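Here's the letter readout for the chains.
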Amino acid sequence: MNMARNTSAPAGLPSLDIDSASHLRAMQDYLAYRIQGSEGGFMPFEEWMHHALYAPGLGYYAAGSTKFGSEAPEGDFTTGPELTPLFGQALAGQVAQILAASGTKNVLEVGAGTGALAAALIPALNLLDIRPQYQILEVSPELRERQQQRLGSLHANVQWLKALPSDFKGCVIANEVLDAMPAALFSWDDAGNLLELGVGLENAAAQQAGADAPAESSEPPRFNLVGRPADEHLQALMSRRMPPLPGYRSEVNVQAEAWMRQLGTWLKKGAALLIDYGFPQREFYHPQRAEGTLMCHFRHHAHADPLLYPGLQDITTHVDFTAMADAALEGGLEILGYTSQARFLMNAGLIEILTGLDPHDAAGYAKVVGPVQKLLSEAEMGELFKVMAVGRGLDVPLMGFTSGDRRDRL
Ligand SMILES: C[S@@+](CC[C@H](N)C(=O)[O-])C[C@H]1O[C@@H](n2cnc3c(N)ncnc32)[C@H](O)[C@@H]1O
């Protein structure tokens, strides 16, 4: 079943320069080759998202585009730590409490982007007399290099891991990482049958015929979103989460859930702070959210076509925090807190940091307050973003959740 095709860019997207266009073509050819080799010419969407974001040398996170930046034309999107160092400074109190309760100095940051969070958090921990053993696990070699350059000047004890540890005690942090893990796409047809969505090649014959021609003279691959009957596993999963709704399309992040379950095998004592945009399951699969949560970001323009610029645009889905909590419980962890980003940062001391600023430096103060408002405002990141803490072996209530804890809504 043919669901949609990527014929043209949504209005208002900036045009591609020559380098971006040739990167896009290389990525399209790579994806077309993979689709031609897939069973039935069908690449499950989860796999498309994986290649589009992480294919070595070509994927969005694995190649050299700027990605992060708080304003156009720099990068494609921004994150809390990129907006302001006060994000990391506010986190420091909570991280310090987890380290004290777990009796270690180990911090493991997963998916550290440009290293912005570590660059703010490590000095803030130093001010609390903590010299953390800071570890980073980053899947993107390009970002790992950027982190190494940025954090090298901190003279801090930072180590880069090649894989998840098998045994860890301390504090784990993942800011906007679960949303960047490849998700599966599904929809219900008019008869109420569940379909798994994937990507097919619309001009497969032309691609086959032009396989030996130089890329620039052959027709570029054209992709379309196609559906096939969902397998038993997906059917069973979704039947537990929502009733069939003909025409409804959404996502399920099986990989992120597996990651959370696995966390339970290696986090032996301590807590993980998971910060991301998302909601509990009831809201995630709300009947009115009929197009799901899939979003793409290209140079600060958001749109919903994941087939458009593979390798050049970010592709992301919101986090189903109920599914993440269930997976953590299955992994033997406890849910230690769940609240909005605004509430968490205020509980952790962000307002106290602001009141400590020099009141006579009006220009400096204004520069700091704008980004902090973005972090806290309900209309921006304050409410859509949530913080969930999961862990084991801690016997203190975490300070970030002392008021406004919403675990009962999960
Ligand atoms: C949206 S960016 C967020 C970066 C950073 N945490 C921030 O807030 O600015 C997602 C990051 O997670 C990394 N990533 C995605 N999946 C990962 C995984 N399974 N393990 C480690 N890093 C991952 C990406 O390469 C990227 O650095």
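So, how was this worked out
Residues numbered from 1 in each chain as written. Predicted model: local features only at pLDDT ≥ 70, side-chain atom pairs only at ≥ 80, totals over all residues. Heavy atoms only, no water. Helix = DSSP H or I, 4+ residues; strand = E, 2+ residues; numbered from the N terminus. Buried < 20%, exposed > 50% of the residue type's maximum accessible area, 1.4 Å probe, protein only. Phe/Tyr/Trp six-rings, centres within 6.5 Å; stacked < 30°, edge-to-face > 60°. Near = heavy atom within 4 Å. Polar contact = N/O pair within 3.5 Å; in protein donor to acceptor, adjacent residues only side chain to side chain. 1 Å grid on protein atoms, 1.4 Å probe; cavity = no way out; pocket = protein on both sides within 12 Å on 5 of 7 lines; lining within 4 Å. Sits in = over half its atoms within 2 Å of the grid points. Points joined across faces, edges and corners; volume = space filled by probe spheres on them. Nonpolar A, V, L, I, M, F, W, Y, C, P; charged D, E, K, R; others polar.

With an unreviewed UniProt entry as reference, the chain is termed SAM-dependent MidA family methyltransferase, source organism Pusillimonas noertemannii.

**Q** How should I be thinking about the environment of Gly 356 in this particular structure?
**A** Among the structural elements, Gly 356 can be located in the loop between helix 13 (350-355) and helix 14 (362-376). Judged by relative accessible area, Gly 356 falls into the exposed class, the value being 61%. C-alpha of Gly 356 to C-alpha of Val 368: the two residues are 12 residues apart in sequence and 12 Å apart in space.

**Q** How should I be thinking about the packing of aromatic side chains in this particular structure?
**A** The geometry of an aromatic ring pair is captured by two quantities: the separation of the ring centres and the angle between the planes. A complete count under the given rule lists 14 aromatic pairs for this structure. Taking 5.2 Å as the distance between ring centres and 75 degrees as the angle between the ring planes, the aromatic pair formed by Tyr 277 and Phe 385 counts as edge-to-face. One end of the pair, Tyr 277, is in strand 11 (residues 267-279); the other, Phe 385, is in strand 17 (residues 385-392), and 108 residues separate them in sequence. Residue Phe 385 is classed as buried on the basis of its relative accessible area, which comes to 7%.

**Q** Even after reading the chapter, I still don't get the site of the ligand, so can you show me in this structure?
**A** Taken together, 18 residues lie near the ligand, and Tyr 54, Thr 79, Gly 111, Glu 138 and Asn 175 sit nearest. Within the contact set of the ligand, a nitrogen atom lies 2.7 Å away from a backbone nitrogen or oxygen of Gly 111. Contact between the ligand and Glu 138: an oxygen atom at 2.5 Å from a side-chain N or O atom of the residue. Judged by its atoms lying within 2 Å of the grid points, the ligand is housed in the largest pocket.

**Q** Can you walk me through empty space enclosed by the protein in this structure?
**A** One simple way to see leftover space: roll a probe sized like a water molecule over the atoms. In this structure the tally under the stated criterion is two cavities of 30 Å³ or more. In terms of lining, the largest cavity is formed by Arg 241, Glu 251, Val 252, Asn 253, Glu 257, Phe 284, Tyr 285, Thr 317, His 318, Asp 320, Ala 323 and Met 324. Among the secondary structure elements, those contributing two or more residues to the lining of the largest cavity are strand 10 (249-252) and helix 11 (321-330). Of the residues assigned to the lining of the largest cavity, the class counts are five nonpolar, three polar and four charged.

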